[in-house]
Amino acid sequence: MKNSTRIADIVWIATARLHREQPNVAGFTVGAIIEMAACLGLTGDKCPFSKLKTHAYTHCVANRPANPVGLRMLFETRDQLRRLYRHGDPYHLSRARGKITPQPHQIPSEFRELVEWYFDNYARRPRNEDQDPILLLKGRGGGIWGKETLDACLKRDLDHLR
């Protein structure tokens, strides 16, 4: 296992490479993800296939209950394939704060550009998840209602319906 890379990060890297090489494929089998990890030289004595398999089947999957790890790196499709998680995909509440991508400094340097690719091409989402587009509207549009109170607005609308 290169540079003591975390198993979840290996699963993410392998899945990202599959997506990048096969952009029209909707998802991948766990076997294909494990095979890619091996081809990339990310497996070894310290990273047995059973651990990769467990992470790809359970630990990294956003729409499964956390057991015990609450990562959101992968998404299970209806066909029980795996693809990278995208912001907006449904996820189990036990994974609400789960990690979505590896930290670039924690993975081998030759794979760091995959994190850039993920945000720039695959996920097409700002890196700062706190920039929720709905929450960014907070405080805007106050001039639309003027000084009308909620009660006055409801009364006006009810009178209009009669």
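Above: the structure in question.
Residues numbered from 1 in each chain as written. Predicted model: local features only at pLDDT ≥ 70, side-chain atom pairs only at ≥ 80, totals over all residues. Heavy atoms only, no water.

A.B. asks: How should the packing of helix H1 (residues 7-21) against helix H3 (residues 49-59) be read in this particular structure?
C.D. replies: Between two packed helices, both the angle of their axes relative to each other and the distance between the axes serve to describe the pair. Packing of H1 against H3 leaves a shortest axis separation of 9 Å and a crossing angle of 70 degrees. Relative to H3, H1 is oriented roughly perpendicular. From H1, Ile7, Ala8, Ile10 and Val11 reach across to H3, where they touch Lys51, Leu52, His55 and Ala56. Of the residues assigned to the contact of H1 with H3, the class counts are six nonpolar, one polar and one charged. (Axes fitted to C-alpha atoms, helices over the stretch in contact; angles between N-to-C directions. Helix = DSSP H or I, 4+ residues; strand = E, 2+ residues; numbered from the N terminus. Parallel < 35°, antiparallel > 145°, perpendicular 65-115°, else oblique. Contact = heavy atoms within 4.5 Å. Nonpolar A, V, L, I, M, F, W, Y, C, P; charged D, E, K, R; others polar.)

A.B. asks: Help me understand the pattern of salt bridges, please; the structure alone is not making it clear to me.
C.D. replies: Enumeration according to the criterion identifies six salt bridges in this entry. Arg20 is paired through a salt bridge with Glu113; the nearest N and O atoms lie 2.2 Å apart. Note that Arg20 is positioned in helix H1 and Glu113 in helix H4 (residues 113-122), a separation of 93 residues in sequence. One salt-bridge network, in which partners are shared between bridges, spans Arg64, Glu76 and Arg82. (Salt bridge = Lys/Arg side-chain N within 4 Å of Asp/Glu carboxyl O.)

A.B. asks: Can you walk me through unusual backbone geometry in this structure?
C.D. replies: Trans is the common state for peptide bonds, and a negative phi is the common state for residues other than glycine. The amide bond that connects Asn67 to the next residue, Pro68, takes the cis arrangement and shows omega of -15 degrees. Inspection of the secondary structure puts Pro68 in the loop between H3 and strand S1 (74-76). A positive phi angle, near 60 degrees, is found at Gln80, a position not held by glycine. Mapped onto the elements of the fold, Gln80 is located in the loop between S1 and strand S2 (82-84).

A.B. asks: Before we go on, may I ask you to explain the packing of aromatic side chains in this structure?
C.D. replies: The geometry of an aromatic ring pair comes down to the distance between the two centres and the angle between the two planes. Applying the stated rule across the entire model yields five aromatic pairs. Ring centres 5.7 Å apart and planes at 70 degrees place the aromatic pair Trp12 and Tyr118 in the edge-to-face group. With Trp12 in helix H1 and Tyr118 in helix H4, the pair connects residues that are 106 residues apart, well separated along the chain. Accessibility expressed as a relative area gives 0% for Trp12, which makes it buried. Relative accessible area serves as the criterion here: at 2%, Tyr118 is assigned to the buried category. Judged by centre distance (6.4 Å) and plane angle (70 degrees), the ring pair of Tyr85 and Tyr91 falls under edge-to-face. When its relative accessible area of 1% is taken as the criterion, Tyr85 is described as buried. Within the aromatic cluster, the residues linked to one another by ring pairs are Trp12, Trp117, Tyr118, Phe119 and Tyr122. Positioned over the ring face of Tyr91 is Arg72, at 4.3 Å from the centre of the ring. (Phe/Tyr/Trp six-rings, centres within 6.5 Å; stacked < 30°, edge-to-face > 60°. Buried < 20%, exposed > 50% of the residue type's maximum accessible area, 1.4 Å probe, protein only. Lys NZ or Arg CZ within 6 Å of the ring centre and 35° of its normal.)

A.B. asks: Which parts of the structure should I look at to understand the packing of helix H2 (residues 30-39) against H3?
C.D. replies: Where H2 meets H3, the closest approach of the two axes is 10 Å, and the angle between their N-to-C directions is 130 degrees. By the angle between their directions, the pair H2 and H3 is classed as oblique. Every pair of crossing elements has a handedness; the one defined by H2 and H3 is right-handed. Listed contacts from H3 to Val30, Ile34, Ala37 and Ala38 of H2 are Phe49, Leu52, Lys53, Ala56 and Tyr57. (Left-handed = near helix turned anticlockwise from the far one by under 90°.)

A.B. asks: What is the right way to look at the environment of Thr54 in this model?
C.D. replies: By the secondary structure assignment, Thr54 is in helix H3. Its relative accessible area of 36% is what places Thr54 among the partly exposed residues. Separated by 46 residues in sequence, Thr54 and Ala8 place their C-alpha atoms 9.7 Å apart.

A.B. asks: Just to check I follow, could you spell out the nonpolar core for this structure?
C.D. replies: As a rule of thumb, soluble globular proteins bury nonpolar side chains together. The biggest cluster of nonpolar side chains holds 37 residues, and the ones touching the most others in it are Trp12, Ile13, Leu84 and Tyr118. The set of elements that each furnish at least two residues to this core consists of H1, H2, H3 and H4. Among the elements that make up this core, the one with the highest residue count is H1 (nine residues). In contact with Ile13, not counting residues within four places along its chain, are Leu40, Leu42, Ile107, Pro108, Phe111 and Leu114. (Core = buried A, V, L, I, M, F, W, Y, C linked by side-chain atoms within 4.5 Å.)

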